[in-house]
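Below, each chain spelled out in residue letters.
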Amino acid sequence: MRNEQDPIEFLKEIEDRRGGKVGWRTYSTWFSDCLNIREYGVFFYEVNGVFYYEDFERKPSILGFQLPSRKDAPKYEKLEGSFNSSDVKRIVRMSKSRAQSYLSHQDREKLIHEVNLFERIFKQLVTMVELSDGQRFFFEFLDEKQFRKLISQTQDGPANPA
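Conventions adopted
Residues numbered from 1 in each chain as written. Predicted model: local features only at pLDDT ≥ 70, side-chain atom pairs only at ≥ 80, totals over all residues. Heavy atoms only, no water. Salt bridge = Lys/Arg side-chain N within 4 Å of Asp/Glu carboxyl O. Buried < 20%, exposed > 50% of the residue type's maximum accessible area, 1.4 Å probe, protein only. Helix = DSSP H or I, 4+ residues; strand = E, 2+ residues; numbered from the N terminus. Phe/Tyr/Trp six-rings, centres within 6.5 Å; stacked < 30°, edge-to-face > 60°.

Visitor: Looking at this structure, I do not really get the pattern of salt bridges. What am I missing?
Guide: Where charged atoms of side chains with opposite charge meet at close range, the side chains can pair. Tallying each qualifying case throughout the model produces 16 salt bridges. K21 serves as the salt-bridge partner of E15, at 3.8 Å between the closest nitrogen and oxygen. You can call E15 buried: its relative accessible area is 16%. A salt bridge links R98 to E119; its shortest N-O distance comes to 2.8 Å. Residue R98 is located in helix α2 (residues 96–104), and its partner E119 is located in helix α3 (residues 117–122); the two are separated by 21 residues in the primary sequence. It is possible to trace a salt-bridge network through shared partners that takes in R17, R18, E54, K78 and E80.

Quick look at the structure:
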């Protein structure tokens, strides 16, 4: 989405591109697909049972004034992807620090487990979405419960058997 673009025009553009109406949509303030991390988040939305995520170039600014980019800043590469709601195998709520540790050492499977009461109260939380093919995504949703509800409505059973 460009800074000057109208949000309604932006959603219409997405619907034309995806061939359906945008149902549920939100913003993930932090995101990782296990290869890339977006500290400033991604736009996340659903069209016809398919979830899409995409980021946008973020230009540095202060008080609405755009700052020049650093000379050593890497060139922006758009990140986007999708998955079917029927492919969601497991949803795990976990601390962001545990997710970041997992991303650094993906062989440490024991780092993936539901948050405990302490983490729920005192830590930033993210939602790990695991697909049936083993692919994992990490989202810092504004409303994780709404996402779980939508997944469970589109699947035959609960989104998190356990």
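Visitor: What is the right way to read the packing of aromatic side chains from this model?
Guide: Geometrically, a pair of aromatic rings is defined through the distance of the ring centres and the angle of the planes. Taken as a whole and assessed by the stated rule, the structure comprises 25 aromatic pairs. Measuring from ring centre to ring centre gives 6.1 Å for W24 and F141, while their planes differ by 70°; the resulting arrangement is edge-to-face. Note that W24 is positioned in strand β1 (residues 22–32) and F141 in strand β10 (residues 136–141), a separation of 117 residues in sequence. Residue W24 is classed as buried on the basis of its relative accessible area, which comes to 14%. For F141, a relative accessible area of 8% translates into the label buried. Look at W24 and F147: their rings are 6.0 Å apart centre to centre, the planes differ by 35°, and that puts the pair in the tilted class. One end of the pair, W24, is in strand β1; the other, F147, is in helix α4 (residues 144–154), with 123 residues separating them in the sequence. For the pair formed by W24 and F147, the shared burial category is buried.

Structural measurements only, silent on function.
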